[in-house]
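Okay, here's what each chain looks like letter by letter:
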Amino acid sequence: MSASKTSGRDKTGWRVAVLGGGAWGTALALAMLRADHDVRLYARDDETVAAIRDGENPRYLPGIAIEPGIAATSDIGTALTDADCVLAVAPAQALRAMLTTARPHMPKGIPLVLCAKGIERDTGALLSAIVEDMLPGTPIAALSGPSFATDVARGLPTAVVVAAREEALAAELAARFSAQNLRCYSSDDLIGVEIGGALKNVFAIAAGAVTGAGLGASAQAAMVTRGFVELRRIGASFGARPETLMGLSGLGDLLLTCSSTQSRNFAYGLALGQGKPLAGLPLAEGVPTAAIAARIATERGIDAPIITAVSAILDGTITIRQAVTALMTRPLKTETDI
Ligand SMILES: NC(=O)c1ccc[n+]([C@@H]2O[C@H](COP(=O)([O-])OP(=O)(O)OC[C@H]3O[C@@H](n4cnc5c(N)ncnc54)[C@H](O)[C@@H]3O)[C@@H](O)[C@H]2O)c1
Ligand SMILES: O=P(O)(O)OC[C@H](O)CO
């Protein structure tokens, strides 16, 4: 461990295990390196490990140079040995499988930081609930907010939020992860931060579909605004604090991913709206999350017509045009009636 000073904060470097060798895992490994940590990156395939060692991850982060210093490995035990902290960066639907592999090697009592954005499709579990189920007693945190992997990997200025139920843990992680161009806010609303990150993906797909179908900028703004109402309703049912959802993981991430083709969820929706093939597109976490969020809304009696429409469009049950007609002809109501 090395003593160092970053952004005016005194801290000592940790050994950080990053689990997941995709775009976000690679970007976060770089961010941790720049925050003066000793970084081990676990990728499950040898090809990715070899590529990262050679200075690029062409499959997931093409064209971005990977600075030397990240110890890439396909042996999860090696990545986790003597780790002070773990970043879990597999897609949400793969978290349970990855933790099954990690469990025998997890050092006891170290924080596990959830970096994926989603809700488990089969169970409706938030990712923190999966960790509680599989690794009881593990201090859990979540890192979320408007942050494209390419931006973070390039070292462009980015702000995220790190949340944990224990305020002191959130603050410590935020301080340790922050570096010159990565500003980490802290929060003790773990559930709120998880919900904001998970649900924004559904609306990013919707935003892409609105653009792809040529429905216009006004429709886009209406959808994002009313989508945010649904996000807050579902968030409230989980106990999320409204102010958390107004922050980086919620409104902030909605702004980013509902307005940029750089978002894979937006790009997925765009292809959907344009009637283009969807097979082979990069990961769009909003697809499984839309299905389970629609089910959660129904089960809890929450009015979530946009989420329900996105889920039905993705299922092929209705077309985008039919969804628009249904949304536009709903009974009128007061706007503040959320
Ligand atoms: N890419 C971004 O800009 C970004 C930013 C913030 C958050 N996220 C979130 O991070 C999560 C991961 O996204 P990504 O961009 O890295 O996806 P990706 O498709 O680029 O990479 C996913 C990686 O996970 C690995 N993986 C899948 N199943 C696994 C398993 N069972 N065990 C181990 N590894 C497994 C894959 O091999 C791959 O390396 C998603 O939830 C996403 O929403 C992504
Ligand atoms: O490319 P997306 O749509 O998965 O979005 C990536 C991040 O979640 C943006 O904050």
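This one's a predicted model, so the numbers in the text were calculated from it and none came from an experiment. (Residues numbered from 1 in each chain as written. Chains lettered and ligands numbered in written order. Predicted model: local features only at pLDDT ≥ 70, side-chain atom pairs only at ≥ 80, totals over all residues.)

Quick look at the overall build of the protein
For step 1, the next point in the chain: Per the secondary structure count, the protein includes 15 helices and 10 strands.
For step 2, the next point in the chain: Taken over the C-alpha trace, the protein has a radius of gyration of 20 Å; the compact-globule value for 338 residues is 20 Å, and the two agree within 12%.
For step 3, the next point in the chain: Seen through its C-alpha atoms, the protein measures out along the principal axes to roughly 60 × 40 × 35 Å.
For step 4, the next point in the chain: Taken over 338 residues, the protein has a buried fraction of 51%.
For step 5, the next point in the chain: Taking the contacts inside the protein whose residues are at least 6 apart along the sequence as the reference set, 70% of them involve residues at least 24 apart. (Helix = DSSP H or I, 4+ residues; strand = E, 2+ residues; numbered from the N terminus. Rg over C-alpha atoms; globule rule 2.2 N^0.38 Å. Buried ≥ 20, exposed ≤ 12 C-beta atoms within 10 Å, placed from the backbone. Contact = placed C-beta atoms within 7 Å.)

Structural notes on the domain arrangement of the protein
For step 1, the next point in the chain: Parsing the protein into structural domains produces domain 1 (3-188) and domain 2 (197-328).
For step 2, the next point in the chain: Taken residue by residue, the interface counts 17 residues in domain 1 and 21 residues in domain 2.
For step 3, the next point in the chain: Residue assignment for the side of domain 1 that touches domain 2 shows that the elements contributing at least two residues are β9 (158-164) and β10 (182-187).
For step 4, the next point in the chain: Split into classes, the residues belonging to the side of domain 1 that touches domain 2 amount to nine nonpolar, six polar and two charged. (Domains from an automatic or database assignment. Nonpolar A, V, L, I, M, F, W, Y, C, P; charged D, E, K, R; others polar.)

Side note on the sheet that holds strand β6 (residues 85-88)
For step 1, the next point in the chain: Taken together, the eight strands give an open sheet; going across it, the order is β5-β4-β3-β6-β7-β8-β9-β10, and neighbouring strands pair in mixed fashion. The strands lining the two open edges of the sheet, one partner per strand, are β5 (71-73) and β10. Averaged over neighbouring strand pairs, the angle between their axes works out to 25 degrees when direction is ignored.
For step 2, the next point in the chain: By the bridge criterion, six bridges tie β9 to β10 in an arrangement that is parallel. Directly across from V162, in β10, lies its bridge partner S186. (Pairing = 2+ DSSP bridges. Axes fitted to C-alpha atoms, helices over the stretch in contact; angles between N-to-C directions.)

Here we look at the site of ligand 1
For step 1, the next point in the chain: In the vicinity of ligand 1 there are 25 residues, among which G22, W24, A94, A116 and A149 approach most closely.
For step 2, the next point in the chain: The biggest single contributor to the shell around ligand 1 is helix α1 (residues 23-34), with three residues. (Near = placed C-beta within 6 Å.)

Focus on the nonpolar core
For step 1, the next point in the chain: Of all hydrophobic cores here, the largest spans 116 residues; its most connected members are V18, L19, A88, V113, A141 and V162.
For step 2, the next point in the chain: Per-element accounting of this core gives the leading share, 13 residues, to helix α8 (residues 190-212).
For step 3, the next point in the chain: Sequence-distant contacts of A141, defined by excluding residues within four places in its chain, comprise P111, V113, L114, V162, A163, A164, L169, A170 and L173. (Core = buried A, V, L, I, M, F, W, Y, C linked by C-beta atoms within 7 Å.)

Describing the UniProt feature "domain: Glycerol-3-phosphate dehydrogenase NAD-dependent N-terminal" (unreviewed entry) in the protein
For step 1, the next point in the chain: Under the UniProt annotation, the feature "domain: Glycerol-3-phosphate dehydrogenase NAD-dependent N-terminal" (unreviewed entry) is placed at residues 16-169.
For step 2, the next point in the chain: The span residues 16-169 carries 32% helix and 20% strand; its end-to-end C-alpha distance comes to 15 Å. (UniProt positions renumbered as here; feature names shortened; annotations may be inferred.)

Some thoughts on the site of ligand 2
For step 1, the next point in the chain: Taken together, K117, P146, S147, F148, A204, D253, L256, T257, S263, R264, N265 and E285 make up the full set of residues near ligand 2.
For step 2, the next point in the chain: Mapped by element, the contributors of at least two residues to the shell around ligand 2 are α11 (248-257) and α12 (264-273).
For step 3, the next point in the chain: With three residues, the top contributor of residues to the shell around ligand 2 is α11.
For step 4, the next point in the chain: The class makeup of the residues in the shell around ligand 2 is four nonpolar, four polar and four charged.
For step 5, the next point in the chain: Inspection of the shell around ligand 2 shows a minimum of three residues originating in each of domain 1 (3-188) and domain 2 (197-328).

Focus: the UniProt feature "domain: Glycerol-3-phosphate dehydrogenase NAD-dependent C-terminal" (unreviewed entry) in the protein
For step 1, the next point in the chain: If you check UniProt for "domain: Glycerol-3-phosphate dehydrogenase NAD-dependent C-terminal" (unreviewed entry), the listed places come out as residues 189-324 in our numbering.
For step 2, the next point in the chain: For residues 189-324, the helix share is 74%, the strand share is 0%, and the end-to-end C-alpha distance is 34 Å.

A word on unusual backbone geometry
For step 1, the next point in the chain: Unlike most non-glycine residues, D36 shows phi in positive territory, near 70 degrees.
For step 2, the next point in the chain: Among the secondary structure elements, D36 is positioned in the loop between α1 and β4 (38-42).
For step 3, the next point in the chain: Take D36: there are 19 C-beta atoms within 10 Å of it, and that puts it in the partly exposed class.

Observations regarding α1
For step 1, the next point in the chain: Spanning 12 residues, α1 covers 17 Å between terminal C-alpha atoms, matching the ideal 16 Å at 1.5 Å per step.
For step 2, the next point in the chain: Along α1, 11 of the 12 residues are buried, which leaves the element largely enclosed by surrounding structure.
For step 3, the next point in the chain: For α1, every residue scored as buried is listed here: A23, W24, G25, T26, A27, L28, A29, L30, A31, M32 and L33.
For step 4, the next point in the chain: On its buried face, α1 sits against β3 (15-19), β4, α2 (46-53), β6, α6 (149-154) and β10.
For step 5, the next point in the chain: With its phi angle positive at about 70 degrees, D36 sits one or two positions after the end of α1. (Expected span 1.5 Å × (residues − 1).)

Quick look at the packing of α8 against α12
For step 1, the next point in the chain: One way to put it is that α8 packs onto α12 with a least axis distance of 6 Å and a crossing angle of 40 degrees. Viewed along their axes, α8 and α12 adopt a mutual orientation that is oblique. Two packed elements cross with a definite hand, and for α8 against α12 that hand is right-handed. On the side of α8, the interface is formed by N201, A204, I205, A206, A207, G208, A209, V210, T211 and G212, while α12 contributes N265, F266, A267, Y268, G269, L270, A271, L272 and G273.
For step 2, the next point in the chain: Among the residues making up the contact of α8 with α12, the classes are represented as 12 nonpolar, seven polar and no charged. (Parallel < 35°, antiparallel > 145°, perpendicular 65-115°, else oblique. Left-handed = near helix turned anticlockwise from the far one by under 90°.)

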